[in-house]
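As a plain string of letters, each chain reads:
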Amino acid sequence: MSDPIGSTQQFYTRWAWLYDLVAVHTPGIGAVRRTAAARLDPQPGETVVEMGCGSGANLPFLRERVGPKGRVIGVDMSPGVLAVASSRVERHGWENVHVVRADATEPPLEEGVDCVFASLVVGMFEDPVTVVDMWAGLVGSGGRVGLLDLARSSQRVARPLNGLFRQFVTHANPRSVRGSSDPLGRLDRRVAAAHRRLGQRCQNAQYETHALGFVRLSGGTVD
Ligand SMILES: C[S@@+](CC[C@H](N)C(=O)[O-])C[C@H]1O[C@@H](n2cnc3c(N)ncnc32)[C@H](O)[C@@H]1O
């Protein structure tokens, strides 16, 4: 369901450590990740699954929310970033955090999941609406789903920066993001469709933008 799977895995394996540096140390990114975890609002003792967890940059913020009695499960299909996530978990001695290699569009999980979170991932899916539906089905009524994504900004003040964003999308991403005649348009459409679907599937869904409109956050409780 996500397009060229092989190229995505190769990209995030080859560039795993560099990706982790950017994912953790880009100025302001920690605050955005913490806010996204707050909007997802996992409760102490709950189980959160992060789909496409990459090198594990969100894991500390999700773990902070569920506390020592909760669980965080990171799912990703790329061995390189998973190895970085795994060493992060080991280094910190987080016994309630686990990472597994699997396809986030067909996760090997059936029940007991309270929240699903995905950051910077839905833009890689050919059919993000179906994937969001599947995640909503996984948590069931009363469970929560949260998304964090980047897309072009429509704010006037940010327009000059959309050129830089284009460079980032076309040069620092695998084919599943950049490989089309209109990579930015495709990314915008996929991100918008996923967040819209989350809004349709959830009561009390909250949608907000940050960083001059480049960062999109959604979270809500499934109807
Ligand atoms: C841009 S990175 C985001 C990583 C992390 N969520 C973050 O916020 O830093 C996208 C990640 O999604 C993973 N991914 C893409 N499609 C996937 C799929 N179908 N199943 C599992 N992981 C996937 C990639 O391997 C990569 O690690």
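Up top you'll find the structure we're talking about.
Within each chain, residues carry numbers counting from 1 in the order of the written sequence. Note on the predicted model: pLDDT of at least 70 is required for a residue's local features to be given, and 80 or more for side-chain atom pairs to be given and counted; whole-chain, interface and lining totals, by contrast, use all residues. Just so you know, side-chain values use all the structure's heavy atoms and leave hydrogens and water out.

Visitor: Would you mind going over the site of the ligand with me for this structure?
Guide: Near the ligand lie 24 residues; those nearest to it are Y19, G52, D76, S78 and S119. We call two N or O atoms a polar contact when they sit within 3.5 Å, provided that within protein one can donate a hydrogen and the other can accept it, with sequence-adjacent residues counted only if both atoms are side-chain atoms. In the model, an oxygen atom of the ligand is placed 3.4 Å from a nitrogen or oxygen of the N58 side chain. Here S119 contributes a side-chain N or O atom positioned 2.4 Å from an oxygen atom of the ligand. Only the protein chains shown count as covering a residue, and every accessible area follows the Shrake-Rupley method with a 1.4 Å probe. Alone, the ligand offers 590 Å² of accessible surface; in the complex the protein occludes 98% of this. Counting only elements with at least two residues in the shell around the ligand, the list comes to α1 (5–14) and α2 (16–25). Put simply, Ala, Val, Leu, Ile, Met, Phe, Trp, Tyr, Cys and Pro go in the nonpolar bin, Asp, Glu, Lys and Arg in the charged bin, and everything else, Gly too, in the polar bin. Partitioning the shell around the ligand into residue classes produces 12 nonpolar, eight polar and four charged. The rule for a residue being near a molecule or strand is that one of its heavy atoms must lie within 4 Å of it. Labels follow the DSSP assignment, with helices taken as runs of H or I lasting at least four residues and strands as runs of E lasting at least two, numbered in each case from the N terminus.

Visitor: Can you walk me through the pairing of strand β1 (residues 47–51) in this structure?
Guide: A regular strand carries its side chains on alternate faces of the sheet. Partly exposed describes any residue whose relative accessible area lies between the buried limit of under 20% and the exposed limit of over 50%, with all areas from a 1.4 Å probe on protein chains only and scaled to the type maximum. Of all five residues in β1, five are buried, a share of seventy percent or more. Alternating positions in β1 separate into two faces, T47, V49 and M51 on one and V48 and E50 on the other, with burial throughout. In this scheme, strands are said to pair when DSSP sees at least two bridges between them. Direction of pairing for β1 relative to strand β2 (residues 71–76): parallel, over a ladder of five bridges. Opposite M51, over in β2, you have V75 as the bridge partner. Of the crossover connections in this fold, the one passing from β1 over helix α4 (residues 59–66) to the parallel β2 is right-handed. In this structure, β1 lies alongside strand β4 (residues 115–119), joined through four bridges in parallel fashion. Within β4, the position partnered with V48 by the bridge is C115. Here the term right-handed applies to a crossover when the path leading from its first strand over the helix to its second strand runs clockwise, the strands being oriented away from the viewer.

Visitor: How should I be thinking about the sheet that holds β2 in this particular structure?
Guide: Pairing between the strands of a sheet is mediated by backbone hydrogen bonds and can be parallel or antiparallel. An order of β3-β2-β1-β4-β5-β7-β6 is seen for the seven strands of this open sheet, with the pairing classed as mixed. On the outer flanks of this sheet lie β3 (97–101) and β6 (202–210), each paired with one strand and no other. With strand direction ignored, the average angle separating the axes of adjacent strands in the sheet is 15 degrees. Only heavy atoms enter the contact rule, under which two residues are in contact if any of them lie within 4.5 Å. For every element, the axis is a line fit to its C-alpha atoms; helices are fit only across the contacting stretch, and the angle between N-to-C directions ranges from 0 to 180 degrees. Here helix α3 (residues 29–40) sits on the sheet and contacts β1, β4, β5 (144–150), β6 and β7 (215–222); the angle it forms with β5, its principal contact strand, is near 155 degrees. Of the strands in this sheet, β2 and β3 are in contact with helix α5 (residues 79–92), which crosses β3 at around 165 degrees.

Visitor: Help me understand the pattern of salt bridges in this model?
Guide: Side chains that differ in sign of charge can pair as their charged atoms come close. The rule for a salt bridge is simple: a side-chain nitrogen of Lys or Arg has to be within 4 Å of a carboxyl oxygen of Asp or Glu. Applying the stated criterion across every chain, the model contains nine salt bridges. Among the ionic pairs, D133 bridges to R201, the shortest N-O distance being 2.9 Å. Within this pair, whereas D133 is found in helix α6 (residues 128–139), its partner R201 is found in helix α9 (residues 183–201), the two being separated by 68 residues in sequence. For R201, a relative accessible area of 25% translates into the label partly exposed. In this structure, R152 and D188 form a salt bridge, with 2.7 Å as the shortest nitrogen-oxygen distance. Highlighted residues: R152 in the loop between β5 and α7 (162–171) and D188 in helix α9, separated in sequence by 36 residues. With relative accessibility at 26%, the residue R152 sits in the partly exposed group.

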